[in-house]
Every structure is written in structure tokens, then in C-alpha cells.
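A look at the structure
Here is what each chain is made of, one letter per residue.
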Amino acid sequence: MKTIIAKYGTAITGLVILVVLILFARNFASSANMLNVLKNTSFLTILAVGFTFALITSELDLSFANIASLAAVVTGGMIYSGIAWPLAALAGLAVGLVAGYVNGLVVTVAKVPSLIATLGTASIAGGLAFMLTGGVAFVGRWDPVFLSLARGKVGPVPVLIFFMAAVVIAGWFVSRKTPLGVHMLATGEATEAAHRAGIATRRMKRIGLTLSGLAAGIAAVLLVASLSSAAPQMAGDYLLNAIAAVLLGMTMFEPGRPNIAGTFVGALIISVLDNGLVLLGAPYYLQDIMLGLIVIGSVSVSASVLKKAAFSV
Amino acid sequence: MSLTDAAAAPGLATSEALRVRGATKTYGAVEALRGADLTVRRGTVHAVCGDNGAGKSTLIKLISGVEAPDGGEISVDGRPVHFADPHAALAAGIATIHQDLGLAPRMAIYQNIFMGSELTRRILGVPVLRRRAMIARSAEFLAQLNSAITDMTVPVDTLSGGQRQAVAICRALRWKAETIIMDEPTAALGVRETAQVLALIRRLREQGVTVILISHNMADVVAVADSVTILRAGRTVLERATEGLDADSLSHLILFVGAEAA
Ligand SMILES: Nc1ncnc2c1ncn2[C@@H]1O[C@H](COP(=O)(O)OP(=O)(O)OP(=O)(O)O)[C@@H](O)[C@H]1O
Ligand SMILES: [Mg+2]
């Protein structure tokens, strides 16, 4: 019973919230609103899956939101200046990938702790994004095919939901089913033990941070298509939201450990709460207060799980 | 300093599995090794003894690629080697059970045993973990140690010290290494578990595996080892066969041989 609560307590709480909102928030349960909530969760989820990979290797990435903004203005700027959108989209992905890899190098080669390293690259990426745009947004006429990446629908279901599902499933598969995933996990769980078992732990940390950057690139391209504009700081609001989703996820399924399934449910809970609060007519600042409580609450729950691991061999 | 060559061990194998010459290693101001030598014959059990802080674990870290030596030479099968990392040592057939920091406490037993060398199958070219096969093989490895553990999916931090040691030993077995180094494998163990580890060491030797055993337990050393190297303050002061030694005389050697040099 105890372990069931430890593993599924947060998810069950999420379900209770869902039921309450269905019963009391007008229009919440309509299929249009549900699909809308899911759709809006996709950016959050994709970014959070990336952050999860970094955290699995026990490294923080505080730069993914600004990297996403940078990738967005690169993609947007290229399309704006007449470059074919597939190239521009690839460039956005590449910006994320390279920025994530640079984070990895700064952490594993220059040995700067990731908290500081990614705070630095976040500032650099943010600055570059302003530099490229001159501080204004790229808006204009966009290729409808490009826009359909984020606005298209398959039947009633927005395409974005499929992108989100693909990222979640791929992330879950890699982290749970492949040697790469278990090597990243071992690196985060016990770096020295993993190293002595022949695992290239620094490479695993680089991969974790690179995946976080790549996820930022994916989210950025979809965000540009969704908003049909690209502006510096456009992904900034996702920073704390995505981190909160991952931390909330750490209280689920594999308590105390970042995991993709938990991240996904965590992102869903945060989106549902946001949406529910709006529908219930709560003031907007309540969302920020709620987010702060989620971050602090989740970490205190995880910490009590982690404390049990006193150990030496 | 009197260095006696290790006498020919019983059995056919007399070729050299491992040789260390003049290894030095300093940590800041601490000279952990100041010229350590070690010669281990293939297929033998070779003990490394010495007081606390003599440099035994440091010597093992050099051989297993955990640390790089400041000076000296290491050769495997007569060929000089430079291990850049533990993976290189494992690839050269040397698996090590370290005194500490060997396991990932919150990961499952089977994940610890197969850490770094997981069983996989390819699906569409992608390597996919074979969880059930790893669980079954882990149970077989642990059965070799007569371990009572049955659930391979529980985290290692739920086990007793001896059980953890058994998991660490199984990891080394898993590598199918030609040389297995054990740094104080019986330190945390009870009487019965110690006897099992000693029996395992003998069985490994029968299978032709070379075992390097670090131990403070003189009775264990004379019971199971063919030859012994004694370190004192980072130097090798004696290397000889254990034949004709009992626990008391070995303790005496550790305490007094080379004491004037140190
Ligand atoms: N990482 C390190 N940093 C600083 N000093 C170290 C380090 N590792 C070992 N030493 C020092 O080097 C010396 C040799 O240590 P080592 O662990 O090799 O001894 P040992 O023979 O294994 O001892 P024990 O029997 O207690 O395990 C000691 O003085 C120790 O304090
Ligand atoms: Mg030691």
C-alpha cells in the first residue's frame, strides 16, 4: 500500500483534480477543450522530456528555454528572408542540438557545474536571439505547409499531439529499453560506479545535455509554426513550467528519479490545472503561485525518498 | 630491500599475467605509492598485503584504469599497457571489485550485475535490453555464490553488506575476465559468506582465472593465495610464495619486513 501511494500518489491526485474540474469547471470536459489542453501541453512536454534526459544523467539544464527562443528566431528569420522552410526547420533543430552539445562540453570538458554552465549559455542564447532579431518579432507571410506542422489536424486531433506523443514514446523507449538509457541512468545514479563499470560517463552527460538542446530545437520549430511568428524570449515562460513538470514527475512511477512517464503526467497535470484555473475564473497570478508550490512540494517529496539511500560498498 | 621472486605456483600456468614496475602515485602532498612492484603469474591467486594506508587500493586503481600512474610501468601478458579509463582495463581482461563505490545503490541487482555490459538484442538495428534474460542470468551468477537472494529486481541498497559484495563479485564474473582483482572482498562478510567467497576464489583458479586478492585477513591469505606481495608505505618490500607461511608468520612479515627502509 505504501509503495502504491509512493508510486502513484501524484498521478491519483492528478485524476482527482481532473474529476473535480470535470464536475465544477464549465466547458472543461468538452472534447474541444480537452484537445486544446493536450495541444497546449505539447510544447511543455517536449521541452520537459529533454530536461528529463539531462537530469537523468544528474545534470541541470537551465538554458533550454532560451535555446528554444534562439532556435525559433533562427528558423523564423530564415523563413522570413525567403529560405525554404524545411531548411529553416532543420537549422532550428541544429541550433538546439549544437547548443546542447556545447552545454555538454562546458560541463564535461571545461568542468563547469551544469547549474552555472547552463545559466551562462542561457544568457548567451538569449542575447544572440535579441541580436538576430534586433529585439522585434519576425512576422509575415508563412508557407501554409510549414504552419500546418503545428496547426494541422488529423480528423479532430491536432498534429501537435502526435509530435508530442512521438517525443514521449521515443524518450520513454530510449530511457527504459536501450543500453544508452541505462548507461545514462547509471551515470546519474552513481557516476563513479558507472565509470568503473566501463561506462563513458562524461559522454553520457554530454548526450543528456545534447538531447535537452535537441528537444528545445523541436519545440522551437513547432512553436514558430503554431504562433506564425518568432520573437526573442518567446519560449521563456516554459522554463519553470517544464522544470516543474519534471520535478512533479519525479514523485511518480519511479519515486526520486527523473522519468519520462512521470514527466508526461506531470506536464499534463500542470496544463490541466492552468486551464482549470482559467475556466474557474481564478486570477492569473494564481498560476505562478501554484507553480512555485509544485516545484517546492515535489522536491521535498523526492528528497525524503532520496534520504533513504545511505550506502557504501 | 630483499625481493624474492614469486615461486612457481602449482599447476601448469607459469606465464606472467600482470607485471607492475616502480609504480608511483601522489595525491597532493600524499605519496600513496613510491615504487610499487607486482608480478602475478597466470592462473594463480596472488595476495597483496600491507597495513592501512600502505597503498594497496591505490595500486589496484592503477591496474584497473581508475587512476593513471605518475610513474612506472604496467604490462599485461608481457605487453606494456596504458589504461586511459576502466573500460580499457576491462577490455584487456581485467575486472575489479573495488573496496568502495562499486555499485549503484538505487538500481536493481540485475542492473548492477550487467552494468556496462548489458544483454541486448537488435530490433530493426536498434539494441534493445533483454531484461528477462539478464534477470535469469543474474540469478545463475548469484547461485554460484550460494546466495539466498531470489528477487533480482530489488535495489542493491536493500541488501546486507555481504549480499552487496556478492553482487559486486557477480559483476566481475559477468565480464568473463582473465584476471579478477578483489579489494577486501570479505571485509564486510560473516563466517559463512567468507567461506563462500574463498571457495569461489579457488573455483576461479581451477577455471584458469588469475585472481589478485587484497586482504587484511592473514588466515584467508594463507588459505587461498599461492603468492603474496607485501607493501609498506607505498613500496613493495617482499614478494614470495605463501608456501610455508602461516597466518602468524605472514603478520610478522607485514609488520617488520622493510620497516627500517620506511
Ligand atoms: N583520492 C585520494 N586522495 C588523497 N589521498 C589518498 C587518496 N587515495 C588514497 N590516498 C592516500 O594514499 C595512501 C594509500 O591509500 P590506499 O587506499 O591505497 O591504502 P590501502 O593500503 O588500500 O589501505 P586500507 O587497508 O585502509 O584499505 C593513504 O595515505 C591514503 O590516505
Ligand atoms: Mg584499501
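Residues numbered from 1 in each chain as written. Chains lettered and ligands numbered in written order. Predicted model: local features only at pLDDT ≥ 70, side-chain atom pairs only at ≥ 80, totals over all residues. Heavy atoms only, no water.

**Regarding the overall build of chain A**
Under the convention used in this document: Labels follow the DSSP assignment, with helices taken as runs of H or I lasting at least four residues and strands as runs of E lasting at least two, numbered in each case from the N terminus. Put simply, the radius of gyration uses C-alpha atoms, and a globule should come to 2.2 Å times the residue count raised to 0.38. The buried label goes to any residue with under 20% of its type's maximum accessible area, the exposed label to any with over 50%, and the partly exposed label to all in between, with areas taken from a 1.4 Å probe on protein chains only.
A tally of helices and strands in chain A yields 13 helices and four strands. Over its C-alpha trace chain A gives a radius of gyration of 19 Å, about what one expects of a compact globule, namely 20 Å for 313 residues. With the C-alpha coordinates of chain A rotated into their principal frame, the extents come out at 60 × 50 × 35 Å. Going through the 313 residues of chain A one by one, you find that 52% of them count as buried.

**Points about a nonpolar patch on the surface**
All names here are of chain A. Our working definition: Patches were defined on residues exceeding 30% relative accessible area and lacking a salt bridge, with like-charge contacts within 9 Å and nonpolar side-chain contacts (Val, Leu, Ile, Met, Phe, Trp, Tyr) within 5 Å. To be clear on the numbers: accessible area is Shrake-Rupley with a 1.4 Å probe, and residue cover counts the displayed protein chains and nothing else. Salt bridges are counted wherever a side-chain nitrogen of Lys or Arg sits within 4 Å of a carboxyl oxygen of Asp or Glu.
Where nonpolar side chains cluster on the molecular surface, the patch consists of I4, Y8, I12, V16, V19, V20, I22, L23, F24 and L280 and spans about 940 Å² of accessible area. Relative to the assigned elements, I4 resides in helix 1 (residues 2–24). Of the residues examined, I4 reaches a relative accessible area of 44% and is grouped as partly exposed.

**Some words on the interface of chain A and chain B**
Note the threshold: In this analysis, two residues are considered to be in contact whenever any of their non-hydrogen atoms come within 4.5 Å of each other. Polar contact is defined as a pair of N or O atoms within 3.5 Å, subject to the rule that within protein one atom must be able to donate a hydrogen and the other to accept it, and that residues adjacent in sequence are counted only when both atoms are side-chain atoms.
Facing 27 residues of chain A, the contacting portion of chain B comprises 30 residues. At the junction of chain A and chain B, the tally comes to one salt bridge. For B:R106, the salt bridge identified is with A:E189, shortest N-O distance 2.7 Å. Between chain A and chain B we count six residue pairs in polar contact (both at pLDDT 80 or more) in total. Only helix 7 (159–177), helix 8 (179–189) and helix 9 (191–196) of chain A provide two or more residues apiece to the side of chain A that touches chain B. For the side of chain A that touches chain B, the element with the most residues is helix 8 of chain A, which contributes six residues.

**Focus on the pairing of strand 1 (residues 16–27) of chain B**
Residue and element names in this part refer to chain B. Using the following cut-off: Paired strands are those between which DSSP finds at least two bridges.
In the sheet, strand 1 pairs with strand 2 (residues 30–41) via nine bridges, with the strands oriented antiparallel. When the bridges of strand 2 are listed, A23 appears paired with A36. The antiparallel pairing of strand 1 with strand 2 creates a hairpin that spans two residues between the two strands, and G28 there sits at a positive phi of about 60°. Two strands pair when backbone bridges link them, and strand 1 and strand 4 (residues 71–76) are joined in this way by five bridges, in the antiparallel orientation. Its bridge partner being in strand 4, V20 is matched across the sheet by I74.

**Structural notes on the sheet that holds strand 4 of chain B**
By way of backbone hydrogen bonds, the strands of a sheet pair with one another, either parallel or antiparallel. Residues and elements named next belong to chain B. Heads up, the condition is: Angles run from 0 to 180 degrees between N-to-C directions of axes, and those axes are lines fitted to C-alpha atoms, restricted for helices to the stretch in contact.
Strand order in the open sheet made by the four strands is 2-1-4-5, with antiparallel pairing throughout. What marks the edges here is a single partner per strand, and that holds for strand 2 and strand 5 (79–80). Against the sheet, helix 1 (residues 56–63) contacts strand 1, strand 2 and strand 4, and its axis sits at roughly 115° relative to strand 1.

**Examining the pairing of strand 9 (residues 179–183) of chain B**
Residues and elements named next belong to chain B. Among the five residues that make up strand 9, five are buried, leaving the element largely enclosed by the rest of the structure. Where burial is concerned, the two faces of strand 9 agree: the one with T179, I181 and D183 and the one with I180 and M182 are both buried. Pairing between strand 6 (residues 94–97) and strand 9: four bridges, direction parallel. Residue pairing for strand 9: I94 is matched across the bridge by T179. Pairing of strand 9 with strand 10 (residues 210–214) involves five bridges; the strand directions are parallel.

**A closer look at the confidence of the model for chain B**
Residues and elements named next belong to chain B. Our working rule: Values of pLDDT, ranging from 0 to 100, describe the predictor's confidence in every residue of the model.
Mean pLDDT over chain B works out to 88, with 94% of the residues at or above the 70 mark. Contacts of residues 1–13 to residues separated by more than four positions or lying in other chains number 28 contacts, the stretch itself having pLDDT below 50. Of the two predicted TM-score estimates for the complex, the pTM is 0.87 and the ipTM is 0.86.

**Some words on the site of ligand 1**
All names here are of chain B. Heads up, the condition is: Near is defined per residue: the residue qualifies when any heavy atom it owns lies within 4 Å of the molecule or strand.
Ligand 1 sits among 14 residues. The nearest are N52, K56, S57, T58 and H216. In this structure, K56 approaches ligand 1 through a side-chain N or O atom, which is 2.7 Å from an oxygen atom. Taking 630 Å² as the accessible area of ligand 1 by itself, protein coverage stands at 65%. Going through the elements one at a time, strand 2 and helix 1 are the ones with two or more residues in the shell around ligand 1. In terms of residues, the shell around ligand 1 owes the most to one element, helix 1, which gives three residues.

**A short note on the confidence of the model for chain A**
Confidence in the prediction of chain A, expressed as mean pLDDT, is 90, and 96% of residues score 70 or more. Under a pLDDT of 50 for its full length, residues 308–313 of chain A has, in the predicted model, 14 contacts with residues more than four places off or in other chains.

**Considering the pattern of salt bridges**
Summed over the entire model, instances satisfying the criterion amount to twelve salt bridges over all chains. A:E59 is paired through a salt bridge with A:K205; the nearest N and O atoms lie 2.8 Å apart. Of this pair, A:E59 sits in the loop between helix 2 (31–56) and helix 3 (64–80) while A:K205 sits in helix 10 (residues 201–227), and the two are 146 residues apart along the sequence. Each member of the pair, A:E59 as well as A:K205, carries the same accessibility label: buried. With its nearest N and O atoms 2.6 Å apart, the salt bridge here joins B:E140 to B:R137. Of this pair, B:E140 and B:R137 are both found in helix 4 (residues 131–144), three residues apart, which corresponds to roughly one turn of the helix. Looking at B:E140, the relative accessible area reads 43%, which means it is partly exposed. Residue classification places B:R137 among the partly exposed residues on the basis of a relative accessible area of 31%. A cluster of three or more residues bridged by salt bridges with shared partners is formed by A:R176, A:E189, A:E254, A:R257 and B:R106.

**Brief notes about unusual backbone geometry**
For A:F253, which is not a glycine, the phi torsion comes out positive at approximately 65°. When its relative accessible area of 23% is taken as the criterion, A:F253 is described as partly exposed. The phi torsion at B:D77 lies on the positive side, around 55°, for a residue other than glycine.

**Concerning the environment of A:G297**
Here A:G297 is to be found in helix 13 (residues 285–306). Spatially, the C-alpha atoms of A:G297 and A:A244 are 9.9 Å apart, while their sequence positions differ by 53 residues.

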